[in-house]
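As a plain string of letters, each chain reads:
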Amino acid sequence: MDEKLKIILIGTGNVAHHLGPALQNTGHDIIQLIGRNKERTRELAEKLNVDFITDFKNLKKNTDLIILSVSDNAIHDIIKKSEFGNALVVHTSGSVSMEVLNSLPNYGVFYPLQTFSKQRALDFSEIPIFIEANSEKNIILLKKLALQLTPKVEIANSEKRKLLHLAAVFACNFSNHMYAIAEYLLEKNGFKFEYLEALIMETARKSLEYKPQNAQTGPALRNDKNTIDKHLALLSEEADFQKIYSFVSKSILDFSKEANCNNLPEIQE
């Protein structure tokens with residue numbers, strides 16, 4: 001894309017804190033930042049060195065692209081109370097249909113599949129971006145823009161994107177909750193969570209190299225009832241953790257049986 005886009009960024013959360021600088025680094029012009037909270041909006045505006053507003057009535061005109069980097073629940077409300085003209089308007093959500101924007105002449109989705117935190121530096125070139133739009137012209141524009149950020153760009157309709165988001169919840173949010181439980185159990189008994197660092201990193205590497213099902217190990221896979229019962233006894237004062245342990249252990253065993261029935265590669269302990 002040779003032309004420099006004029007972009008309005010709406011939102012001041014984790015995604016906006018990363019996407020804004022990444023767009024500027026590719027040479028595009030963020031001409032305005034919009035947020036509901038004045039202090040948070042000012043903070044990001046100073047980081048981007050752009051003008052900001054908190055009232056949608058002062059939205060700048062003659063814009064090429066408007067990015068709604070806001071919570072899923074806020075997208076519909078913003079559309080109802082704003083005048084976007086003919087600008088291409090996209091949201092960055094993985095779970096919200098593109099059709100929430102269908103009252104507009106030009107609309108789409110620009111979904112970076114990553115977990116974002118303001119305090120964590122990220123390399124956008126490693127992040128896959130999934131796009132969708134209501135016309136071929138808008139698809140071309142979003143694809144060119146996305147390819148300036150990362151080589152990992154794909155077109156995915158709303159239903160496929162919802163499945164991507166679901167898988168991401170399992171891989172990120174649920175696995176992180178398991179880390180939180182592990183940290184709680186360790187610290188409760190005088191150990192540091194950092195003792196699991198090598199284990200966590202090796203598990204992730206194996207899953208990516210061999211596929212997760214082929215990398216699975218542990219007492220549940222072996223159906224080692226003796227060890228499982230010992231673990232459940234250690235959780236006698238943690239009823240919710242007992243339920244999670246039992247349910248996930250059964251899921252691991254059932255999943256491995258199904259995999260073997262489908263003639264997938266044998267899982268090595």
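A few points on the structure. (Residues numbered from 1 in each chain as written. Predicted model: local features only at pLDDT ≥ 70, side-chain atom pairs only at ≥ 80, totals over all residues. Heavy atoms only, no water.)

## Thoughts on the packing of aromatic side chains
Here a ring pair, both rings aromatic, is described through the centre-centre distance and the interplanar angle of the planes.
Now for step 1: Counted by the stated rule, this structure contains 6 aromatic pairs.
Now for step 2: Taken together, a centroid distance of 5.7 Å and an interplanar angle of 75 degrees make the contact between Tyr184 and Phe241 edge-to-face. On the criterion of sequence distance, the pair formed by Tyr184 in helix H5 (residues 158-188) and Phe241 in helix H10 (residues 239-261) is long-range, its members being 57 residues apart.
Now for step 3: Here Phe191 and Tyr195 contribute two aromatic rings whose centre-to-centre distance is 6.4 Å and whose plane-to-plane angle is 65 degrees, an arrangement assigned as edge-to-face. (Phe/Tyr/Trp six-rings, centres within 6.5 Å; stacked < 30°, edge-to-face > 60°. Helix = DSSP H or I, 4+ residues; strand = E, 2+ residues; numbered from the N terminus.)

## Overview of the pairing of strand E1 (residues 6-10)
Look at any regular strand and the pattern is simple: side chains alternate between the two faces of the sheet.
Now for step 1: When you tally the buried positions in E1, you get 4 out of 5 residues, the bulk of the element.
Now for step 2: Note that E1 and strand E2 (residues 29-34) share 5 bridges and pair parallel. Looking at the pairing, Ile10 lines up with Ile34 of E2.
Now for step 3: The β-α-β motif built from E1, the intervening helix H1 (residues 14-25) and the parallel element E2 has right-handed crossover chirality.
Now for step 4: Judged from the 4 bridges that link them, E1 and strand E4 (residues 65-68) form a sheet pairing that is parallel. Looking across to E4, one finds that Ile7 is bridged to Leu65. (Buried < 20%, exposed > 50% of the residue type's maximum accessible area, 1.4 Å probe, protein only. Pairing = 2+ DSSP bridges. Right-handed = clockwise from strand over helix to strand, strands pointing away.)

## Some details on helix H4 (residues 136-149)
Now for step 1: Along its 14 residues, H4 runs 20 Å from first to last C-alpha, staying within 8% of the 20 Å computed at 1.5 Å per residue.
Now for step 2: The complete set of buried residues in H4 reads Asn138, Ile139, Leu142, Leu145, Ala146 and Leu149. The arc enclosing the buried residues of H4, seen along the axis, measures out at 135 degrees, which places them on a common side. The outward face of H4, more than 90 degrees from its buried face, is lined by the exposed residues Glu136 and Lys137.
Now for step 3: For H4, the elements touching its buried residues are H1, E4, strand E5 (88-91), strand E6 (107-112), strand E7 (129-133) and strand E8 (153-155). (Expected span 1.5 Å × (residues − 1). Arc of directions from axis to C-beta. Contact = heavy atoms within 4.5 Å.)

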